[in-house]
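So the chains spell out like this:
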Amino acid sequence: MTTTDWKKLESTYYMQVVNRLPLVLVKGKGTIVWDEEGKKYLDFTSGWAVVNLGHSHPAVSNAIKYQVDNIMQMTNLYYTIPQLKLAKLLIDNSCFDRVFFSNSGAEANEGASKLARKWGKEKLDGAYEIITMENSFHGRTLAMMAATGQKEYQEKWQPLPDGFVNVEYNNFEALKKATKKNTCAVLLEVVQGEGGVNVPDHSYLIDVQEWCHQNNILFMVDEVQTGMGRLGTLFGYQKFGLDPDVMVLGKALGAGTPLGAFLCKERFSVLEPGDHGSTFGGNALTTAAGWAALKYIIDTDIPSECSDAGKYLKSMLDGLASRHSNVVDIRGYGLLIGLEISKNKAPEVMNLCLEKGLLINAVRPNTLRLFPPLNVTEGDINKAVAILEEVFVELKI
Ligand SMILES: Cc1ncc(COP(=O)(O)O)c(C=O)c1O
């Protein structure tokens, strides 16, 4: 079968909910992926902020192979060892005391929202509203569409579940104004990923945290995209010296297997037997992969490798910007970088990069997102920026 045949098969059988790019990928190793015709591409998307150690990392692959040959799945009515090992490793390396595993970021945000509502019910006289931010992204379930402060994700699905209020990001006064008797929590990304790599002021995050603590409402960080080393610290909240009450993880937590989690401080651990559950959530296979990846990330200090690589990438992009006056902003931390241009040409740039062997994302019409594996080499960064340069020249950016 050729790429054209696979594309036809997709358009015949698959629900048409994604405008796919014309690539059929069959193999990945490190920062490289191959299509079925043998052409290789530099993956500066990390499988969407998932394979933070690169594709098919031996630490992860070996853990998965071992687990497949032993036990993959049992009900959570029984104990399985990888789940408990990963729980301990996460708690030992974060400011939290307890964790629950889910299958995705959206589901983990749902769980965190249930925890917040229970907190409100028990401690705040039935308060149930969660304040979230405009331009945020929290997932695709109905409730997470309400939490996601972007009109295009919400309009088609009205009426959305009640209990989420979206306010302007990086605007502390707006948050204060939106806080009512009914508020039980604030949920935000420390850097907004899908919203365009939006970096808030450090003082804003500190103010929000203090405000939540003063009002006894939960300060919850959605680190589905910023967690697991991506910002140059193991978790994004550490980059800003924060001390959140709840953290949500997904994406890179499972290192390519479907795994999410929400974690909380002991004081806020209000869920009881029967309150929450999941058939697959935290099964032996995904948590074995997650444990192997996290152990490797910690033992080899991948976050500082990411921080160095991120600085190098930014310096190379600064160079590019100095030669192309339509680059108006380069932002982000670690290896979550947004490059904004003055024209709405990001999709064109992305498509031409793909043709030339580089995978990046047009996260907004005028903004490109670069988020390669955290162990990307300077050599690969040089190649990626050289391709971008070629594309910028061709498209007169
Ligand atoms: C910050 C954030 N939260 C939640 C999600 C949703 O995660 P999932 O697609 O695993 O449900 C995403 C996905 O991009 C995300 O970036």
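Preceding this paragraph is the structure being described.
Residues numbered from 1 in each chain as written. Predicted model: local features only at pLDDT ≥ 70, side-chain atom pairs only at ≥ 80, totals over all residues. Heavy atoms only, no water.

A.B. asks: What is the right way to look at the site of the ligand in this model?
C.D. replies: Contacts to the ligand come from 13 residues, most closely from Gly105, Ala106, Asp222, Gln225 and Lys251. Between the ligand and the protein, one listed contact pairs an oxygen atom with a backbone N or O atom of Gly105 at 2.9 Å. Contact between the ligand and Lys251: an oxygen atom at 3.2 Å from a side-chain N or O atom of the residue. In the complex, the protein chains occlude 83% of the 390 Å² of accessible area that the ligand would expose alone. Among the elements that make up the shell around the ligand, the one with the highest residue count is helix H5 (residues 105-123) (three residues). In the shell around the ligand, the residues fall into three nonpolar, six polar and four charged. (Near = heavy atom within 4 Å. Polar contact = N/O pair within 3.5 Å; in protein donor to acceptor, adjacent residues only side chain to side chain. Areas by Shrake-Rupley, 256 points an atom, 1.4 Å probe, with all protein chains shown as cover. Helix = DSSP H or I, 4+ residues; strand = E, 2+ residues; numbered from the N terminus. Nonpolar A, V, L, I, M, F, W, Y, C, P; charged D, E, K, R; others polar.)

A.B. asks: How should I be thinking about the pairing of strand E11 (residues 327-333) in this particular structure?
C.D. replies: Two faces belong to every sheet, and in a regular strand the side chains alternate between them. The pairing of E11 with strand E12 (residues 336-341) spans six bridges and is antiparallel. Bridging from a neighbouring strand, Gly332 pairs with Ile337 of E12. Counted between consecutive antiparallel strands, the loop separating E11 from E12 contains two residues, among which Gly334 sits at a positive phi close to 50 degrees. (Pairing = 2+ DSSP bridges.)

A.B. asks: I would appreciate a short explanation of the packing of aromatic side chains in the present structure.
C.D. replies: The geometry of an aromatic ring pair is captured by the separation of the ring centres together with the interplanar angle, meaning the angle of the planes. Using the criterion set out here, one finds nine aromatic pairs in the structure. Consider the rings of Trp48 and Phe371, whose centres lie 5.3 Å apart with planes at 70 degrees: the pair is edge-to-face. Within this pair, whereas Trp48 is found in helix H2 (residues 46-49), its partner Phe371 is found in the loop between strand E15 (367-370) and helix H14 (378-394), the two being separated by 323 residues in sequence. The partly exposed category is assigned to Trp48, whose relative accessible area is 33%. Owing to a relative accessible area of 0%, Phe371 belongs among the buried residues under this scheme. A ring pair is formed by Phe235 and Tyr237, whose centres lie 6.0 Å apart and whose planes are at 5 degrees; its orientation type is stacked. (Phe/Tyr/Trp six-rings, centres within 6.5 Å; stacked < 30°, edge-to-face > 60°. Buried < 20%, exposed > 50% of the residue type's maximum accessible area, 1.4 Å probe, protein only.)

A.B. asks: Help me understand the state of the cysteines in this model?
C.D. replies: Two cysteines joined by a covalent bond between their sulfur atoms form a disulfide. Applying the stated rule across the entire model yields zero disulfides. Here Cys95 stays unpaired: no disulfide links it, and the sulfur of Cys264, its closest cysteine neighbor, is 10 Å away. (Disulfide = S-S within 2.5 Å.)

A.B. asks: Explain the pattern of salt bridges here, please?
C.D. replies: Proximity of charged atoms lets side chains of opposite charge pair with each other. According to the stated counting rule, one finds 17 salt bridges in the structure shown. In this structure, Glu194 and Arg369 form a salt bridge, with 2.8 Å as the shortest nitrogen-oxygen distance. With Glu194 in the loop between strand E7 (183-188) and helix H9 (202-215) and Arg369 in strand E15, this pair connects stretches of sequence that are 175 residues apart. With a relative accessible area of 17%, Glu194 lands in the buried category. On the basis of relative accessible area, Arg369 is assigned to the buried category, the value being 0%. Across the pair Arg331 and Asp329 runs a salt bridge whose closest N-O atoms are separated by 2.9 Å. Taking relative accessible area as the criterion, Asp329 reaches 30% and is therefore assigned partly exposed. Salt bridges sharing common partners tie together Lys118, Glu122, Glu272 and Asp275. (Salt bridge = Lys/Arg side-chain N within 4 Å of Asp/Glu carboxyl O.)

A.B. asks: Is there a simple way to think about the side chain of Ser136 in this case?
C.D. replies: Locating Ser136 in the fold gives a position in the loop between strand E5 (129-133) and helix H6 (142-147). Given a relative accessible area of 1%, Ser136 falls into the buried group. If we skip the residues at most four places from it in the chain, Ser136 touches Ala147, Thr148, Gly149, Gln150, Glu189 and Gln192. (Contact = heavy atoms within 4.5 Å.)

A.B. asks: Quick question: what am I supposed to make of unusual backbone geometry here?
C.D. replies: Residue Gln158 is joined to Pro159 through a cis peptide bond whose omega torsion reads -5 degrees. Within the element layout of this structure, Pro159 appears in the loop between helix H7 (151-154) and strand E6 (164-167). Phi at Val197 is positive, roughly 55 degrees, even though this residue is not glycine. The exposure class assigned to Val197 is buried, which follows from its relative accessible area of 0%. The backbone phi angle of Asn216 is positive, close to 60 degrees, even though this residue is not glycine. Along the polypeptide, Asn216 turns up in the loop between H9 and strand E8 (218-222).

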